[in-house]
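Structural overview for review
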Amino acid sequence: MAADIPANTQRRPGLGPVRLVLSDDLERKRLTVGFRWLLVIPHFIWLGLWGIGAFVAALANWLVTLVTGRPPAALHRFLALYVKYATQVYGYFLLGADPYPPFDGRPGYPVDVEIDAPAVQSRLTVAFRIVLVLPALLLTGSLFGFPSTGSSGSGQLYSWPE
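Every chain is numbered independently, its residues counted from 1 as its sequence is written. With the structure being a predicted model, the display of local features is reserved for residues of pLDDT at least 70 and the display and counting of side-chain atom pairs for 80 or more, all residues being used for whole-chain, interface and lining totals. The side-chain numbers reported here are obtained from all heavy atoms of the structure, hydrogens and water having been left aside.

As for the overall build of the chain
Here is the rule: Under the DSSP-based scheme used, a helix requires at least four consecutive residues in state H or I and a strand at least two consecutive residues in state E, with every element numbered from the N terminus. Per-residue accessibility, obtained with a 1.4 Å probe over protein chains only, is compared with the maximum for each type, and a residue is labelled buried under 20%, exposed over 50%, and partly exposed between these values. By definition, residues are in contact when any of their heavy atoms lie within 4.5 Å. Here the accessible surface of atoms and residues is derived via Shrake-Rupley with a 1.4 Å probe, and residues count as covered only by protein chains that are part of the display.
Scanning the chain from terminus to terminus reveals 5 helices and 2 strands. Taken from N to C terminus, the helices and strands of the chain fall in the order β-α-α-α-α-β-α. Of all 162 residues assigned to the chain, the portion counted as buried reaches 27%. Here the contacts in the chain between residues at least 6 apart in sequence split such that 68% fall between residues at least 24 apart. When the accessible surface of the chain is split by element, carbon and sulfur atoms take 72% of a total near 11200 Å².

Below, the structure written as structure tokens:
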């Protein structure tokens, strides 16, 4: 199993499983800083589409880890690439890095994340994570609104208050 994991993702003693790597010279070009909000629009579209898949993959990863006690390597790689890509896009957008980020989350960008290989996890801890996510979901729902089915029960999609 360890043979198919890249060497830079092996567990490093004394460091956490997720590490932020910064290697930028902090010099910016005025023109790209001024139009960065426009240049990043395709990345935000791709990040939103990839985020839908990452949400489904995270749920599948949670279920498989709950059953087997170990996250599947393919789902872990997919989710790790999503986190790396999101970090690179926001690093570019928020002026943390100057070069235009690639669309695939490959390593080597000036603002990057190193994520260790999947490890064996306690099933009880994995099951308890659903309890830990409830406050975050409630806070998000209260701030941005809860998703609805679009039906008010009266046969109409939306009804306006009278």
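Next, the rest of the story.
What about the confidence of the model for the chain?
Close inspection of predicted coordinates is inappropriate for parts of the model with low pLDDT. Let me state the cut-off plainly: Think of pLDDT as the predictor's per-residue confidence, scored from 0 to 100.
Put simply, the chain has an average pLDDT of 83, and 81% of its residues get 70 or more. Per-element confidence in the chain is highest for helix α3 (residues 41–68), whose mean pLDDT is 95, and lowest for helix α1 (residues 30–34), whose mean pLDDT is 81. Residue range residues 1–9 is modelled with pLDDT below 50. Its contacts to residues more than four positions away, or to other chains, number 11 contacts.

Side note on the packing of aromatic side chains
Worth spelling out the cut-off: Here a pair means two rings of Phe, Tyr or Trp (six-membered ring of Trp) with centres within 6.5 Å. Their orientation is stacked below 30 degrees between planes, edge-to-face above 60, and tilted elsewhere.
Counted according to the given criterion, the structure contains 8 aromatic pairs. Geometrically, the ring pair formed by phenylalanine 44 and tyrosine 90 is tilted, given 5.5 Å between the ring centres and 50 degrees between the ring planes. Of this pair, phenylalanine 44 sits in helix α3 while tyrosine 90 sits in helix α4 (residues 73–93), placing them 46 residues apart in sequence. Aromatic pair tryptophan 46 and tryptophan 50: ring centres 5.9 Å apart, planes at 40 degrees, arrangement tilted. A residue pair is termed a helical-turn pair when its members lie 3 or 4 positions apart in one helix, as tryptophan 46 and tryptophan 50 do in helix α3 at 4 residues. Using a relative accessible area of 37% as the deciding quantity, one classes tryptophan 46 as partly exposed. Put simply, the rings of Trp46, Trp50, Phe78, Tyr82 and Tyr85 touch in pairs and so form one group of aromatic residues.

A short note on a nonpolar patch on the surface
The condition is simple: Nonpolar side chains (Val, Leu, Ile, Met, Phe, Trp, Tyr) are joined into patches within 5 Å and like charges within 9 Å, using only residues with over 30% relative accessible area and no salt bridge. Whenever a carboxyl oxygen of Asp or Glu lies within 4 Å of a side-chain nitrogen of Lys or Arg, that contact is scored as a salt bridge.
Together, Leu31, Phe35, Trp37, Leu38, Leu39, Ile41, Ile45, Trp46, Leu49, Ile52, Tyr100 and Phe103 give the surface a local cluster of nonpolar side chains, amounting to about 1200 Å² of exposed area. Those elements that provide at least two residues to the nonpolar patch are α2 (36–39) and α3. Top element by residues in the nonpolar patch is α3. It accounts for 5 residues. Among the structural elements, phenylalanine 35 can be located in the loop between α1 and α2. What makes phenylalanine 35 partly exposed here is its relative accessible area of 44%.

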